[in-house]
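Secondary and tertiary structure notes
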Amino acid sequence: MKLGYFPGCSQTGTAKEYDISLRKVVEKLGASFDEIQDWTCCGATSAHVTNHLLANSLSMRNIALAEQQGLDDIVAPCAACYNRLVTSQHEIQTHPELKQEVELVLDKKLGKEIKVMNLIELFMKIGSEKITANRIKELKNLKVACYYGCLLVRPAAITHFDDAEQPSSMESLVELTGAKPVDWNYKVECCGAAHTLARRDIVLDLSKKILDDAKEHGANVMVVACPMCHSNLDMRQRAMKREYPEHKDFPVLYLTELLGLALGMDEKELGINKHTVEFKYNELPADKAAV
Amino acid sequence: MSSHNHNHVHTVADDIKEKTFQDVSLCYQCGKCSAGCPVRYYMDIAPNKIVRLIQLGFYEEALKSETPWLCAGCMTCSTRCPQEFDLAKFMDAVRELALEKGVKVNKNHIVKFHESFLNQIKRFGRSWEIGLIAEYKLKTLDLMQDVDSAPDMLIKGKLEMIPHKVKDKKSVKNIFSRTAKK
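Criteria and thresholds
- Residues numbered from 1 in each chain as written.
- Chains lettered and ligands numbered in written order.
- Predicted model: local features only at pLDDT ≥ 70, side-chain atom pairs only at ≥ 80, totals over all residues.
- Heavy atoms only, no water.
- Helix = DSSP H or I, 4+ residues; strand = E, 2+ residues; numbered from the N terminus.
- Buried < 20%, exposed > 50% of the residue type's maximum accessible area, 1.4 Å probe, protein only.
- Polar contact = N/O pair within 3.5 Å; in protein donor to acceptor, adjacent residues only side chain to side chain.
- Contact = heavy atoms within 4.5 Å.
- Domains from an automatic or database assignment.
- Salt bridge = Lys/Arg side-chain N within 4 Å of Asp/Glu carboxyl O.
- Pairing = 2+ DSSP bridges.
- Right-handed = clockwise from strand over helix to strand, strands pointing away.
- Lys, Arg positive; Asp, Glu negative; His and termini not counted.
- Buried area = accessible area lost by both parts, 1.4 Å probe.
- Axes fitted to C-alpha atoms, helices over the stretch in contact; angles between N-to-C directions.

Let us now look at the side chain of Asp38(A). Checked against the element boundaries, Asp38(A) lands in the loop between strand E2 (32-35) and helix H2 (44-48). Judged by its relative accessible area of 18%, Asp38(A) is buried. From its side chain, Asp38(A) meets the backbone nitrogen of Lys167(B) in a polar contact 2.7 Å long. A distance of 2.8 Å separates a polar side-chain atom of Asp38(A) from the backbone nitrogen of Asp168(B). Beyond its immediate stretch of four places on either side in the chain, Asp38(A) contacts Arg61(A), Leu65(A), Arg126(B), Val166(B), Lys167(B) and Asp168(B).

If you want it as structure tokens, here you go:
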């Protein structure tokens, strides 16, 4: 199975391990990526909150390149990129006047809609049978809080993905690894997202509430599918400890890393050693392991 | 999209409609958006009240509020609105108009973050974290924050010393020049 790939900027920087683990897991499951050549940033939060034409033009440049390359569907592992690519396509398809404006900016006629898949949709497409068939290790010591955040599920009218308030597709994937998903309350709450530099206080507050709720519901690890969420929930734990001294480290993994462990890869191979909060499956403290 | 009425003066509400394709009068002020907003606690004016200010023509008050800038764009409000009014998209338009009209926003670190972020894309076509952090710090003189996480990220090889550059520079340049505010 060959799929179009839009890595997005984070995958080449702060979320390198997400890119590394994704490529390894996908290869192991018999699929491969055809990266969009010379892609640009989707504009992320900063473009759409300040200039809607800029935001739509940056996203649609990538869609136009994908079409030119003959790609029918694209995987966008970053939830924010996924959301921007899906939203921009929806906007220009429903508003011909906007489509015209974007075409003028890009000097290009825009064609058909291209299916953009988020990380969970990718693994649903690859299929649970493939994952189960390739599983080497049963991650039975893990109790997982599946964190969706905002941009995978909202707005439901545009993403058409899972349930916006009570999603469960990530839990279904996690179960395939032998780990046990927990029921908890904060799976679609916001981590503070792009406020990470300008309003770190807000990010620390919101992210801590998410981590606390996961702990209170018996989880010993959190799993995410967004680089921005990961940096707020993992990297910011250092600052969190200074702001809230009672805070205890809590590991946060990308879904691809969890799948990689189940497929027999080790932490280093998957880039888990790049996280701020350490995670080693074989060294899970006994009191944190599931009974 | 000009007005239907010859005497109609083009208002901020009209600008918002042009940018978002939705009418601000859809909102009947139930307040469900503000009830579920994760950053409401930090805002000077509740999100539904920003909509109300626009509905009533208090444009300046709405545009100079910190609220739109604090909105994290999580879209919880848009998902729950009984009128299917996309409030997150409305907030995008309010911010865009505040910039277009040169409104002074109280706390502008968030604006400086967005400027710094977009400048990297303008230069390279892609985001570059070191450039972003350096530019943001210079703009805000907020030098001490994050000194703890940056070395850690460098050691772990997460920060690229050299930016990744898009080859087709002309298309990036055109996107920025053609969408720039007059």
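Next comes the rest of the account.
Residues and elements named next belong to chain A. Parsing chain A into structural domains produces domain 1 (3-119) and domain 2 (133-290). Counting residues at the interface gives 24 residues for domain 1, matched by 27 residues for domain 2. In this assembly, domain 1 and domain 2 are joined by 0 salt bridges. Between the two partners, domain 1 and domain 2, sit 5 residue pairs in polar contact (both at pLDDT 80 or more). Within the residue set of the side of domain 1 that touches domain 2, elements represented by two or more residues are helix H1 (16-28) and helix H4 (79-94). Sort the elements by how many residues they give to the side of domain 1 that touches domain 2 and H1 lands first, with 8 residues.

Once that is clear, we can look at the environment of Leu258(A). Residues and elements named next belong to chain A. Mapped onto the secondary structure, Leu-258 falls in helix H13 (residues 255-262). On the basis of relative accessible area, Leu-258 is assigned to the buried category, the value being 0%. Among residues more than four places away in sequence, those in contact with Leu-258 are Leu-139, Leu-142, Val-174, Thr-177, Val-223 and Leu-253.

Residues and elements named next belong to chain A. For strand E1 (residues 2-5) and E2, the ladder comprises 4 bridges, and the chain directions are parallel. Within the sheet, the bridge partner assigned to Gly-4 lies in E2 and is Asp-34. Traced from E1 through H1 to E2, the parallel crossover comes out right-handed.

Residue placement: Lys274(A) occurs in the segment after helix H14 (267-270). In this structure, Lys274(A) is buried with no salt-bridge partner, the nearest side chain bearing the opposite charge being Glu17(A) at 6.6 Å. Side-chain polar atoms of Lys274(A) contact the backbone oxygen of Lys156(B), separated by 2.9 Å. Those residues in contact with Lys274(A) that lie beyond four places of it in its chain are Glu17(A), Ile20(A), Lys156(B) and Lys158(B).

As a further point, take the interface of chain A and chain B. With 63 residues of chain A at the interface, the matching set in chain B holds 59 residues. Where chain A abuts chain B, roughly 5,500 Å² becomes buried across the two surfaces, and 58% of that area is made up of carbon and sulfur atoms. When residues of chain A are sorted by the area they lose upon contact with chain B, Val49(A), Thr50(A) and Leu197(A) head the list and together hold 12% of the total. Seen at the junction of chain A and chain B, the total is 6 salt bridges. Among the salt bridges present, the one from Glu17(A) reaches Lys158(B), with a minimum N-O distance of 2.9 Å. Summed over the shared surface of chain A and chain B, the result is 25 residue pairs in polar contact (both at pLDDT 80 or more). Taken together, the elements giving at least two residues each to the side of chain A that touches chain B come down to H1, H2, helix H3 (52-68), H4, helix H5 (96-106), helix H10 (200-216) and helix H12 (237-243) of chain A.

The next point concerns the sheet that holds strand E5 (residues 143-146) of chain A. All names here are of chain A. As summarised here, the arrangement of the 4 strands in space is E6-E5-E7-E8, forming an open sheet in which the pairing is parallel. Looking at the sheet topology across the chains shown, the edges are occupied by strand E6 (180-181) and strand E8 (252-254). Pairing geometry for E5 and E6, over 2 bridges, is parallel. Its bridge partner being in E6, Val-144 is matched across the sheet by Pro-181. Of the strands in this sheet, strand E7 (221-224) and E8 touch H13, which is tilted by about 80 degrees from E8.

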